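Fold and contact review
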Protein chains: 2
Amino acid sequence: MSDGRNGPGFGTGFGSESLLFLTDEQLRQGIEAMFFAYRGFTADPDRILSELAYGRAHHRALHFIARAPGTTVNNLLGILGVSKQSLNRVLRALVEDGLVESRVGTLDKRERNLTLTPRGEELEARLSDAQRARMRGAYKEAGPDAVQGFKKVLEAMMDQDMYRAYKKLRDSAS
Amino acid sequence: MSDGRNGPGFGTGFGSESLLFLTDEQLRQGIEAMFFAYRGFTADPDRILSELAYGRAHHRALHFIARAPGTTVNNLLGILGVSKQSLNRVLRALVEDGLVESRVGTLDKRERNLTLTPRGEELEARLSDAQRARMRGAYKEAGPDAVQGFKKVLEAMMDQDMYRAYKKLRDSAS
DNA sequence: TTGGAATGTCAACAAGGCTGACATAAAATG
DNA sequence: CATTTTATGTCAGCCTTGTTGACATTCCAA
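Structure report, in brief. Given the structure is predicted, the values throughout are model-derived calculations rather than measurements.

As for the protein's contact with DNA strand D
The local shell around DNA strand D holds 25 residues, among which Arg60 and Arg89 of chain A together with Asn74, Lys84 and Arg110 of chain B are the closest. The sugar and phosphate moieties of DNA strand D supply 52% of its atoms located within 4 Å of the protein. Between DNA strand D and Arg60 of chain A there is a distance of 2.4 Å, counted from a phosphate oxygen to a side-chain nitrogen or oxygen. Within the side chain of Ser86 of chain A, a nitrogen or oxygen atom sits 3.3 Å from a base nitrogen of DNA strand D.

Here it is as structure tokens:
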């Protein structure tokens, strides 16, 4: 339960970790940076969404439907990691409001193929533009080398199941 | 509303941005990496918390009280960015359960100074250890240079008010 | 053809955000 | 000293977004 509490001077030896010795303090700073940055990361879309009585869950659905048009509910469930009932509520709202179209699958009629309507694409673009602007700003400020490192650490931080689902999506979309 | 939609080949010129030209696709990948990584980042503490009928809100409170022992409710509100009613609900539970102590301020008796009890410290350590282990693993996998870049991008992604509050916290804690 | 698995929908509940209204006590100000 | 402002806590009620349970439909395999 506790390999923590290690201060400088209590290193376990001179293996490869001596090149990257991490104090609890440094790790805590990383944790806090992650917390605050995620807040900044979602702040702009949240503002837009709150005007429209939508939330982050709607944003996530719009994002991944835009990313993989025609995807199924089940597919989305795997990516988002929520219960299907939770997702369904969000999708129902989006369908009722004319942002998402849900068509019965041609091959397997149990499935529903999800696509954005023009209005859905419009909102998705608005949200995405805001978030990309923030991301672009951060990238520019930090520089290209930092961006490389940023992505590397993030990829190592995802859990592996999720990362596989993510890569699968990315590949199927390109 | 839309400076997006730019593909390679539609650059605006040859200014400094040509060194760091960012396609929408690259930015989207960054956005998704952030989303998935944050999920990985919170997964381990979430598991522990759900056994105890606590949530992320309790974790955040415990974390920052551990970080700045004796801090006030108002202070915490600024850091967490939630309403006092929301925070109060969480703090009340933690005080009732004997994880946090709330003492009337000595200098200003309106204030409450918040500290962790031994039991609170124990849970905080358990949560923190899990999260640090994940962070340490990601850092080791990505390497020291990547960690530098990671922090740089995250800091640029926070909004400036938040970043100032963050630095203030960090300095007062060291 | 029939029973199980997969997929999606509807209903109800809980956690944890939010706002508004209000009470109290202490501090600051005129 | 009287008044106002500040810090905190509490009650009520709302919304979003998680959860589980029950159920309908469709497909597939025994």
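As for unusual backbone geometry
Unlike most non-glycine residues, Ala53 of chain A shows phi in positive territory, near 60°. Of note, Ala53 of chain A is situated in the loop between helix H1 (24-51) and helix H2 (56-67).

Here's the deal with the sheet that holds strand E2 (residues 100-104) of chain A
All names here are of chain A. Here three strands make up an open sheet; going across it, the order is E1-E3-E2 and the pairing antiparallel. Taken across any chain shown, the strands that pair with only one partner, and hence form the sheet edges, are strand E1 (71-72) and E2. Across two bridges, the pairing between E1 and strand E3 (residues 112-116) is antiparallel. Across the sheet, residue Thr72 finds its bridge partner in E3, namely Asn113.

Things to note about the relation of the copies chain B and chain A
For the pair chain B and chain A, the relating rotation is 180°, the translation along its axis is 0.0 Å, and the fit reaches an RMSD of 0.3 Å. Such a combination of turn and shift is consistent with a two-fold rotation axis. For chain B, the residue whose C-alpha comes nearest the rotation axis is Phe150 of chain B, separated from it by 1.9 Å. A shared interface surface links the copies, since 99% of the contact residues of chain B are contact residues in chain A too.

Structural notes on the pattern of salt bridges
For the structure on display, the rule yields 25 salt bridges over all chains. Residue Arg136 of chain B pairs with Asp24 of chain A through a salt bridge whose shortest N-O separation is 3.9 Å. Within this pair, whereas Arg136 of chain B is found in helix H5 (residues 118-142), its partner Asp24 of chain A is found in helix H1, the two belonging to separate chains. Arg136 of chain B gets classed as buried once you look at its relative accessible area, which sits at 13%. In this structure, the salt-bridge partner of Glu32 of chain B is Arg67 of chain A, at a minimum N-O distance of 2.5 Å. Taken together, the residues span two chains, with Glu32 of chain B in helix H1 (residues 24-51) and Arg67 of chain A in helix H2. Across the pair, exposure class does not vary: Glu32 of chain B and Arg67 of chain A are buried alike. Within the structure, one salt-bridge network assembled from shared partners comprises Asp24 of chain A together with Asp129, Arg132 and Arg136 of chain B.

Cut-offs and rules
- Residues numbered from 1 in each chain as written.
- Chains lettered and ligands numbered in written order.
- Predicted model: local features only at pLDDT ≥ 70, side-chain atom pairs only at ≥ 80, totals over all residues.
- Heavy atoms only, no water.
- Near = heavy atom within 4 Å.
- Polar contact = N/O pair within 3.5 Å; in protein donor to acceptor, adjacent residues only side chain to side chain.
- Helix = DSSP H or I, 4+ residues; strand = E, 2+ residues; numbered from the N terminus.
- Pairing = 2+ DSSP bridges.
- Least-squares fit on C-alpha atoms with pLDDT ≥ 70 in both.
- Contact = heavy atoms within 4.5 Å.
- Salt bridge = Lys/Arg side-chain N within 4 Å of Asp/Glu carboxyl O.
- Buried < 20%, exposed > 50% of the residue type's maximum accessible area, 1.4 Å probe, protein only.

All we've got here are geometric facts, nothing functional implied.
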